[in-house]
Amino acid sequence: MTTNRTDDFTIPQNWSHYTAAEHAVWDTLFARQVAMLPGRASDAFLRGVDVLRLSKPGIPDFRELSERLMAATGWRVVAVPGLVPDAVFFDHLANRTFVAGNFIRRADQLDYLEEPDVFHDVFGHVPMLADPVFADYMAAYGRGGQRAGSLGALKRLARLYWYTVEFGLIEEAGALRIYGSGIVSSRGESIFALDDPSPNRIGFDLKRVMQTEYRIDDYQQSYFVIPSFDELLRLTVETDFAPIYDALDGQADLTPADLTPTDRIITRGTQHYAMGKVSGARPS
């Protein structure tokens, strides 16, 4: 289902072409994730699941999903064949369009898939886009990406996306909750990110985040915790990123496990999980 690509890399979702087996994979993934997320996921994520009616059986039809999302925050979802160029990705975000893969993993790939599929993209990302504050943050991030390219700072900005949109934690009602799509769509990391003693959990700092490398092959060694979505949006809109990029150009990157004297350490991780792993794919 990757034909008829346009200049913006969008393709038809071809919802009618999904097989019963593919819909069943979605239903299996949805059922096991939604059952474990109350008390773990942020209120905004859980509200988004309800507002967008993701509990309806089968892979969501992007046309119906976009109608509900447009009514909530002015966003829509479009299909793409896979990863898209940075400039195309940022342009879509800046225009309140979220790109999602239109394929779904096989039944024997429930616990890991290297390339994001429709479950990761839609279940993991789209509920947060139904929250007005987070929806504005994503659009602001897209505009920031358009500028970062001209400043040679895409690596820095990608780290902000990774540690918020993909693997972010939030302080909520006196506890830590997950909102990052890479966590909420992963059975294993939904537990690991909150309960395991291995990772660091560090108070969010914009410059610190953009100085920090990340893991793409396994669970994260550090998670950054925002105080609220309002504060995340405020920092993104009010901060001139260019001086931060310039300052970081003269500093060494931090590894995913590093702690610094200025960190607000919520949990000092043991790092036993990472130290015990020689190699391997990141589980879901």
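A brief look at the structure comes next. (Residues numbered from 1 in each chain as written. Predicted model: local features only at pLDDT ≥ 70, side-chain atom pairs only at ≥ 80, totals over all residues. Heavy atoms only, no water.)

A few words now on the overall build of the protein. The number of helices and strands found in the protein is 13 helices and 7 strands. With respect to the three principal axes, the spread of C-alpha positions in the protein is 55 × 40 × 35 Å. Scored against the burial criterion, the 284 residues of the protein give a buried share of 54%. Within the protein, contacts between residues separated by at least 24 positions form 70% of all contacts whose residues are at least 6 apart in sequence. (Helix = DSSP H or I, 4+ residues; strand = E, 2+ residues; numbered from the N terminus. Buried < 20%, exposed > 50% of the residue type's maximum accessible area, 1.4 Å probe, protein only. Contact = heavy atoms within 4.5 Å.)

Here the focus is the packing of aromatic side chains. According to the stated counting rule, one finds 20 aromatic pairs in the structure shown. Measuring from ring centre to ring centre gives 5.5 Å for Phe-45 and Phe-123, while their planes differ by 75°; the resulting arrangement is edge-to-face. Note that Phe-45 is positioned in helix H2 (residues 43–51) and Phe-123 in helix H5 (residues 118–129), a separation of 78 residues in sequence. Taking the relative accessible area as the measure of exposure, Phe-45 reaches 0% and is therefore buried. Look at Phe-123 and you get buried, because its relative accessible area is 0%. For the ring pair Tyr-179 and Phe-229, a centre distance of 5.1 Å and an interplane angle of 90° mean the geometry is edge-to-face. Placement of the pair is Tyr-179 in the loop between strand E4 (175–178) and helix H8 (181–184) and Phe-229 in helix H11 (residues 229–238), with a sequence separation of 50 residues. These aromatic residues form a ring-pair network of at least three members: Trp-26, Phe-30, Phe-45, Phe-119 and Phe-123. (Phe/Tyr/Trp six-rings, centres within 6.5 Å; stacked < 30°, edge-to-face > 60°.)

This brings us to the side chain of Arg-105. Summarising the element assignment, Arg-105 is placed in the loop between strand E2 (97–101) and H5. Within the structure, Arg-105 has its side chain in polar contact with the backbone oxygen of Leu-110 (distance 3.2 Å). One polar contact links Arg-105 to Asp-117, side chain to side chain, over a distance of 2.8 Å. (Polar contact = N/O pair within 3.5 Å; in protein donor to acceptor, adjacent residues only side chain to side chain.)

Attention now moves to the pattern of salt bridges. As a working rule, side chains carrying opposite charge can pair if their charged atoms are close by. Inspection of the entire model under this criterion finds 19 salt bridges. Measuring nitrogen to oxygen at the nearest pair gives 3.5 Å for the salt bridge that ties Arg-47 to Asp-131. One end of the pair, Arg-47, is in helix H2; the other, Asp-131, is in the loop between H5 and helix H6 (132–151), with 84 residues separating them in the sequence. A relative accessible area of 47% means that Arg-47 is categorised as partly exposed. Across the salt bridge formed by Asp-111 and Arg-187, the nearest N and O atoms sit 2.9 Å from each other. (Salt bridge = Lys/Arg side-chain N within 4 Å of Asp/Glu carboxyl O.)

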